[in-house]
Amino acid sequence: MVLRAILAGTGQYLPEKILSNADMSQFVETSDEWIVARTGITQRHQAAEGEFTSDLATAAARNALKDADVNIEDIDLIIVATTTPDYTFPATATIVQKNLGMTHGAAFDLQAVCSGFIYGVNVVDAMIRAGAARNVLLVGAETFTRILDFTDRTTCVLFGDGAGAVVMSAKEVDEDGPGVLASFIRSDGRHKDLLHVDGGPSSTGTVGHVRMIGNQVFKRAVNDIADAMTQCAAKVDMPIEDIDWFVPHQANQRILNGVAKKLAINPDSVISTVARHANTSAASVPLALHTAIADGRIKRGDTVMLEAFGGGFTWGAALLRY
Ligand code: UT7
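Quick notes on the rules
Residues numbered from 1 in each chain as written. Predicted model: local features only at pLDDT ≥ 70, side-chain atom pairs only at ≥ 80, totals over all residues. Heavy atoms only, no water. Domains from an automatic or database assignment. Contact = heavy atoms within 4.5 Å. Buried area = accessible area lost by both parts, 1.4 Å probe. Salt bridge = Lys/Arg side-chain N within 4 Å of Asp/Glu carboxyl O. Polar contact = N/O pair within 3.5 Å; in protein donor to acceptor, adjacent residues only side chain to side chain. Helix = DSSP H or I, 4+ residues; strand = E, 2+ residues; numbered from the N terminus. Nonpolar A, V, L, I, M, F, W, Y, C, P; charged D, E, K, R; others polar. Near = heavy atom within 4 Å. Areas by Shrake-Rupley, 256 points an atom, 1.4 Å probe, with all protein chains shown as cover. 1 Å grid on protein atoms, 1.4 Å probe; cavity = no way out; pocket = protein on both sides within 12 Å on 5 of 7 lines; lining within 4 Å. Points joined across faces, edges and corners; volume = space filled by probe spheres on them. Buried < 20%, exposed > 50% of the residue type's maximum accessible area, 1.4 Å probe, protein only. Pairing = 2+ DSSP bridges.

**Observations concerning the domain arrangement of the protein chain**
Examined at the domain level, the protein chain breaks down into domain 1 (2-173) and domain 2 (179-321). Using only C-alpha atoms to locate each centre, domain 1 and domain 2 end up separated by 14 Å. At the junction of the two partners, domain 1 supplies 54 residues and domain 2 supplies 52 residues. It is Cys114, Ile118 and Tyr119 that lose the most area in domain 1 upon contact with domain 2, and together they represent 17% of the buried surface on that side. Applying the counting criterion to the domain 1 and domain 2 interface returns two salt bridges. Note that arginine 211 is salt-bridged to aspartate 152, the shortest N-O span being 3.8 Å. Joining domain 1 to domain 2, the criterion identifies 20 residue pairs in polar contact (both at pLDDT 80 or more). Secondary-structure elements contributing two or more residues to the side of domain 1 that touches domain 2 are strand 1 (2-13), helix 2 (32-39), strand 3 (43-46), helix 5 (116-129), strand 6 (135-143), helix 6 (153-156) and strand 7 (161-173). With nine residues, the top contributor of residues to the side of domain 1 that touches domain 2 is strand 1. By residue class, the composition of the side of domain 1 that touches domain 2 is 26 nonpolar, 20 polar and eight charged.

**A short note on the site of the ligand**
Around the ligand there are 23 residues in total, and Thr30, Arg38, Arg153, Asn252 and Asn279 lie nearest to it. Between the ligand and the protein, one listed contact pairs an oxygen atom with a side-chain N or O atom of histidine 249 at 2.9 Å. Arginine 254 is positioned such that a nitrogen or oxygen atom in its side chain is 3.2 Å from an oxygen atom of the ligand. Relative to its free-state accessible area of 960 Å², the ligand is covered by the protein chains to the extent of 74%. Elements represented by at least two residues in the shell around the ligand include exactly helix 2, helix 6, helix 7 (214-235) and helix 8 (253-262). Sort the elements by how many residues they give to the shell around the ligand and helix 7 lands first, with four residues. Along the lines of polarity and charge, the residues of the shell around the ligand split into eleven nonpolar, eight polar and four charged. Each of two domains, domain 1 (2-173) and domain 2 (179-321), supplies a minimum of three residues to the shell around the ligand.

**A few points about empty space enclosed by the protein**
Tallied over the full model, the rule gives two cavities of 30 Å³ or more. When its volume is computed, the largest cavity comes out at roughly 60 Å³. Lining of the largest cavity is provided by Met229, Phe246, Pro248, Leu256, Val259, Ala260, Ile265, Val270 and Glu307. Where the lining of the largest cavity is concerned, the elements lending two or more residues are strand 11 (245-248) and helix 8. Of the residues that constitute the lining of the largest cavity, the class distribution is eight nonpolar, no polar and one charged. In this structure, the second largest cavity encloses a volume near 40 Å³. Taken together, Leu7, Phe117, Val121, Val166, Met168, Leu289, Leu306 and Leu320 form the lining of the second largest cavity. Of all the elements in the fold, those that place two or more residues in the lining of the second largest cavity are helix 5 and strand 7. Across the lining of the second largest cavity, the residue classes tally to eight nonpolar, no polar and no charged. Each of domain 1 (2-173) and domain 2 (179-321) contributes no fewer than three residues to the lining of the second largest cavity.

**A word on the pairing of strand 7**
Here strand 7 lies mainly inside the structure; eleven of its 13 residues are buried. The pairing of strand 1 with strand 7 spans eleven bridges and is classified as antiparallel. Of the residues in strand 7, the one forming a bridge with isoleucine 6 is serine 169. Summarising the sheet, strand 6 and strand 7 pair through nine bridges and their orientation is antiparallel. If you follow glycine 140 over to strand 7, its bridge partner there is glycine 164.

Given below as structure tokens:
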């Protein structure tokens, strides 16, 4: 028997308001044709005024707790992966903790931009296997539209708001049982200028806006994601062709297709929600994961590879059996 971090339940929350590609063309010179052809995106959700990242995260967390049939009293750690926290401090995770009525345990935010959820799985897996946590709420939540420059067509059409959450629990299982099998995280701080936000408390005293040289990020993303998945699977000697499902970060359908082609993956096994959600940064992987579990595609016993690439650069992958 081995101690593993098993995926006990998932949940999601998407704000009510939807911005179509036609809506985006009211802000900038763009078109539905361009956005669909270059990215696969048709719409994105946008948080309402006064609706914060902690609100999205709390709603997704409640759904995940219900799905896992775990009470908040049994959660000992909350991690919120986000780039768009409610405040510079306190951590959004502590606000979620309060919203859920949890007065014990610990909560903190994790900042790895679009790779935040993958980094979170890596941290939760390590903590659970070390005996430092039993039941963890891991949330990816963003109000990314708040840091967009709605006059910059090269970025504003790409992102959206949302939250996805999972409950991960410690469990003694057979070697071929469920849980996180391997994870792999990487970063390379040399490429900040290709993808960053031009503000922050220490540098400008402002929140800033997203800036990206998209076509250069694109090339790195395909190569680094493919490498991360290969290295992650190699840790447990699992051939890529034996993996049932791939749940990628949802930045661009062309990146999903590029990675699938590079690793000879059947496109039908790649979960895509980019058309409806756009890029929700740290929320995109748990939103896609929840979608495919809720609609019955991913079933108990299936192997699932998660992956992401984002600002930093940060990137990584995680392999689990559901
Ligand atoms: O999640 C974090 C990681 N982020 C990513 O992975 C994003 C990676 N990058 C991408 O997804 C793609 O590079 C983009 C979707 C951002 C851009 O697609 P592209 O095929 O790389 O286009 P491009 O940047 O090379 O731009 C091509 C043309 C340019 O015009 P010119 O210079 O050829 O005349 C742009 O000005 O498309 C123009 N353009 C637009 N046109 C209409 C850029 N944005 C738009 C737009 N509407 N919204």
